[in-house]
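Each chain, written out:
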Amino acid sequence: MQTDEKTEKDTGTPRLSTAHSRELGEELRRIRHRAAMSSGSVAEALGWSLGKLSKLETGTRGTSPWEIGTLIGKLGADKPTRDRILIISSELDTGSFLRPHNGIPDTLVALTLHEQAARTITAYEPLAIPALAQTEDYAYALTGDRDLAKARVIRREIQRRRAAGADTVLYTHEAALRMMTGGPEVMRDQLLHLTLMCGWPHITPRVIPMTAQPHAALQSSAALLTFAAPTKPLAYTETDAATVFHDHPSAVARYQAKMRHLAALALSAAKSHDVIARWADSYDRKSR
């Protein structure tokens, strides 16, 4: 992460945070909490001002990788944590970054931090129920990983219980409703759950029907998060091995255009509910 210390001293104005700098700040805040050390005691031990540490943890200032190393050494971080944070702090903040997830993307700091701060979340999956709507059994049948399935449910419940939950639109293609993932009982329970979600506040599942005209927007999964000003929107795409995050305006604009196309292709919320309920009933009959 490149330092902006000179800019801050010259203007007296803290820089705007980025997704990259907020991720680094959250990583530092978490290891300080794990070390059970107050921000005041850490700042004093390093000879820093409390403001410097606070801004670093919120992503509104930069510092050198050497100072980051000094900080995480003082906090007693283990080697994997030290290595991960030093890699992040040494990266150029270009507006796009990739995070390997070792098969469990739901626990990535960059994802959980921003998802819990988002004002709106829009996500699309072409061949699966979106992650924020998956039941544990469906997630396990889809991935074969019980730890991932449990992490996904925890992530979903944290989002649902937020006092001021993000307005969330979850697009899925009807092909995902037709694919029998895990058998009829798993699909019945998953689609009944999705039907219930249609009545939850702040959450709108919408279905892209099989009759929708082919469009490039339908090809790949994507998610777009927006935040209170002045924080810029954040987009991301999950691959098998890593998640790629973007807050560069040109990249975000592509995701915004994709979501507009999906909105035009999708059924209304009411018609989506009916399609989901019809498939849930079909799987219920097959499971008897």
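Thresholds applied
Residues numbered from 1 in each chain as written. Predicted model: local features only at pLDDT ≥ 70, side-chain atom pairs only at ≥ 80, totals over all residues. Heavy atoms only, no water. pLDDT = per-residue confidence, 0-100. Contact = heavy atoms within 4.5 Å. Phe/Tyr/Trp six-rings, centres within 6.5 Å; stacked < 30°, edge-to-face > 60°. Helix = DSSP H or I, 4+ residues; strand = E, 2+ residues; numbered from the N terminus. Buried < 20%, exposed > 50% of the residue type's maximum accessible area, 1.4 Å probe, protein only. Lys NZ or Arg CZ within 6 Å of the ring centre and 35° of its normal. Salt bridge = Lys/Arg side-chain N within 4 Å of Asp/Glu carboxyl O. Core = buried A, V, L, I, M, F, W, Y, C linked by side-chain atoms within 4.5 Å. Pairing = 2+ DSSP bridges. Axes fitted to C-alpha atoms, helices over the stretch in contact; angles between N-to-C directions. Parallel < 35°, antiparallel > 145°, perpendicular 65-115°, else oblique. Left-handed = near helix turned anticlockwise from the far one by under 90°. Nonpolar A, V, L, I, M, F, W, Y, C, P; charged D, E, K, R; others polar.

## Comments concerning the confidence of the model for the chain
On average, residues of the chain score 92 in pLDDT, and 95% of them are at 70 or above. Confidence drops under pLDDT 50 across residues 1-13; counting only partners more than four residues distant or on other chains, this segment forms 31 contacts.

## Remarks on the packing of aromatic side chains
One pass over the full model with this rule turns up three aromatic pairs. Relative to phenylalanine 245, the ring of phenylalanine 97 lies with its centre 5.2 Å away and its plane at 20°, an arrangement referred to as stacked. Taken together, the residues phenylalanine 97 in strand S1 (residues 96-100) and phenylalanine 245 in strand S7 (residues 242-246) connect sequence positions 148 residues apart. Assessed through its relative accessible area of 6%, phenylalanine 97 is described here as buried. Residue phenylalanine 245 is classed as buried on the basis of its relative accessible area, which comes to 0%. Measuring from ring centre to ring centre gives 5.7 Å for tyrosine 236 and phenylalanine 245, while their planes differ by 45°; the resulting arrangement is tilted. The residues tyrosine 236 and phenylalanine 245 share a single accessibility class, namely buried. An aromatic cluster is defined as three or more aromatic residues linked by ring pairs; in this entry it consists of Phe97, Tyr236 and Phe245. Sitting over the face of the ring of tyrosine 140, arginine 146 holds its NZ or CZ atom 3.9 Å from the ring centroid.

## Some details on the pattern of salt bridges
Enumeration according to the criterion identifies 21 salt bridges in this entry. Within the structure, one salt-bridge network assembled from shared partners comprises Asp106, Glu115, Arg152 and Arg155.

## Thoughts on the nonpolar core
One recurring pattern in soluble globular proteins: nonpolar side chains tend to sit buried together. Counting 34 residues, the largest nonpolar core has Ile129, Leu170, Leu177, Leu191, Leu194, Leu225 and Phe245 as the members making the most contacts within it. When residues of this core are traced back to their parent elements, those giving at least two are helix H7 (109-117), strand S2 (120-125), helix H11 (184-197), strand S4 (203-208), strand S5 (222-226), strand S6 (234-238) and helix H13 (269-287). Apart from residues lying up to four places away in sequence, leucine 170 is in contact with Ala123, Pro130, Leu132, Ala133, Met197, Ile203, Thr204, Pro205 and Arg206. In this structure, Val42, Leu56, Ala77 and Ile88 belong to the second largest nonpolar core, which totals 16 residues.

## Focus on unusual backbone geometry
Residues apart from glycine generally show negative phi values, whereas peptide bonds are mostly found in trans. Across the junction of alanine 229 and proline 230, the peptide omega takes the value 10°, indicating a cis bond. Along the chain, the position of proline 230 falls in the loop between S5 and S6. With a phi close to 75°, histidine 202 is a non-glycine residue in the positive phi region. Within the fold, histidine 202 resides in the loop between H11 and S4.

## Describing the pairing of S5
For S5, the tally of buried residues reaches four of five residues, placing the bulk of the element in the interior. By the bridge criterion, three bridges tie S5 to S6 in an arrangement that is antiparallel. Paired with alanine 223 across the strands is tyrosine 236, a residue of S6.

## Observations regarding the environment of leucine 28
On the secondary structure map, leucine 28 appears in helix H2 (residues 19-34). Given a relative accessible area of 1%, leucine 28 falls into the buried group. Apart from residues no more than four positions distant in its own chain, leucine 28 is found in contact with Leu56, Glu57, Ile68, Leu71, Ile72, Leu75 and Ile85.

## A short note on the packing of H2 against helix H5 (residues 65-74)
It is the contact of H2 with H5, at a shortest axis distance of 10 Å, that shows an interaxial angle of 25°. In terms of orientation, H2 lies roughly parallel with respect to H5. In terms of crossing hand, the pair formed by H2 and H5 is left-handed. For the pair formed by H2 and H5, the contact residues are Leu24, Leu28 and Ile31 on the first element and Ile68, Leu71 and Ile72 on the second. Partitioned by chemical class, the residues of the contact of H2 with H5 number six nonpolar, no polar and no charged.

## Some remarks on the pairing of strand S3 (residues 167-173)
With respect to burial, S3 is a largely interior element, five of its seven residues being buried. Two strands pair when backbone bridges link them, and S2 and S3 are joined in this way by six bridges, in the parallel orientation. Considered in S3, the bridge of threonine 122 is made with valine 169. In this sheet, S4 lies alongside S3 in parallel orientation, the contact comprising six bridges. Bridge pairing in S4 links threonine 168 to isoleucine 203.

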